[in-house]
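Read off the chains here:
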Amino acid sequence: MEEIGVLRTIPLFAGALAAEQLATLASATRLITFTAGSVLMWQGEAGDSMFAIVEGDALVIARDRSGTDVEVARLGAGDIVGEMSLLTGAKRRATVQAVNRVTALEIGKADLEPILGASPELVDRFAALMEARQAALDKAYDAAGHWNILGLDREHLAALIGRFFRRG
């Protein structure tokens, strides 16, 4: 699958970016393959990218307050991970490990910067989409007895995104 096709399946981007912006972003991103057992990201590390899984399966593992690793999700084709780090620079809240061979589209801060620089109003759109995604994730994690994501509203998310991308 081509990068632009992957981006069109991600509501975060398809819901915020025009066709030309999607094409610009697609040309800057890259497909990466992880072997079984490889780690896509580590909990607690700084992050400025996200992954859209194209093929394969990955486990999301979070260390709870007692120091126990807990599997909080299993991801597959069409799922995304690391979007909060991409948009806000927040540290990774979980470790993500490939169960089998995983092909993923990596989208980095540097890939998104030119688009946000040319269209600063997108910050509010991303914040609105992230607020909705966060609410759904918070509800799912709360129902399962797991940790909350960030607990931020749209205004605070937009401020984090704006600061992160202006920091350059």
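Shown above is the structure to which this text applies.
Residues numbered from 1 in each chain as written. Predicted model: local features only at pLDDT ≥ 70, side-chain atom pairs only at ≥ 80, totals over all residues. Heavy atoms only, no water.

Novice: Would you mind going over the pairing of strand 4 (residues 58-63) with me for this structure?
Specialist: Successive residues of a regular strand alternate their side chains across the two faces of the sheet. Among the six residues that make up strand 4, five are buried, leaving the element largely enclosed by the rest of the structure. In terms of strand pairing, strand 4 meets strand 5 (residues 69-75) through six bridges, oriented antiparallel. Looking across to strand 5, one finds that R63 is bridged to D69. Taken together, strand 4 and the strand that follows it, strand 5, pair antiparallel across an intervening segment of five residues, in which G67 is found at a positive phi of about 90°. Sheet topology note: the strand 4/strand 7 (residues 95-98) ladder contains four bridges and is antiparallel. Of the residues in strand 7, the one forming a bridge with L59 is Q97. (Buried < 20%, exposed > 50% of the residue type's maximum accessible area, 1.4 Å probe, protein only. Helix = DSSP H or I, 4+ residues; strand = E, 2+ residues; numbered from the N terminus. Pairing = 2+ DSSP bridges.)

Novice: What exactly am I supposed to notice about the nonpolar core here?
Specialist: Burial of nonpolar side chains together is a common tendency in soluble globular proteins. Residues L7, I10, F13, I107, L112 and F126 are the most contacted members of the largest nonpolar core, which totals 29 residues. Among the elements that line this core, the one with the most residues is helix 6 (residues 122-144), at four residues. Listed in part, the 16 residues of the second largest apolar core include M41, A62, V72 and L75. (Core = buried A, V, L, I, M, F, W, Y, C linked by side-chain atoms within 4.5 Å.)

Novice: Looking at this structure, how should I read the pattern of salt bridges?
Specialist: Opposite charge on two side chains permits them to pair, given that their charged atoms come into close proximity. Counting across every chain of the model gives five salt bridges. For E45, the salt bridge identified is with R92, shortest N-O distance 4.0 Å. Placement of E45 in the loop between strand 2 (39-41) and strand 3 (49-55) and of R92 in the loop between helix 4 (83-88) and strand 7 is noted, with a sequence separation of 47 residues between them. According to the relative accessible area criterion, R92 is buried, its value standing at 6%. Taking the shortest distance from any N to any O, the salt bridge between E113 and K109 comes out at 3.9 Å. Residue E113 and its partner K109 are located together in helix 5 (residues 109-118), separated by four residues, close to a single helical turn. Look at K109 and you get buried, because its relative accessible area is 9%. Put simply, R30, E106 and D111 are held in one network by salt bridges that share partners. (Salt bridge = Lys/Arg side-chain N within 4 Å of Asp/Glu carboxyl O.)

Novice: How should I be thinking about the side chain of T95 in this particular structure?
Specialist: Considering the arrangement of structural elements, one finds T95 in strand 7. Taking the relative accessible area as the measure of exposure, T95 reaches 15% and is therefore buried. Within polar-contact distance, the side chain of T95 engages the backbone nitrogen of Q43 at 3.0 Å. Once you skip the residues sitting within four places of it in the chain, T95 turns out to touch V39, M41, W42, Q43, L59, V60 and I61. (Polar contact = N/O pair within 3.5 Å; in protein donor to acceptor, adjacent residues only side chain to side chain. Contact = heavy atoms within 4.5 Å.)

Novice: Even after reading the chapter, I still don't get the sheet that holds strand 3, so can you show me in this structure?
Specialist: Adjacent strands of a sheet pair through backbone hydrogen bonds, lying either parallel or antiparallel. Spatially, the four strands line up as an open sheet ordered 1-8-3-6, and their pairing is antiparallel. Strands with a single pairing partner mark the edges of an open sheet, and in this sheet they are strand 1 (30-34) and strand 6 (80-81). Set on the sheet, helix 5 makes contact with strand 1 and strand 8 (102-108); between it and strand 8 the angle comes to about 45°. (Axes fitted to C-alpha atoms, helices over the stretch in contact; angles between N-to-C directions.)

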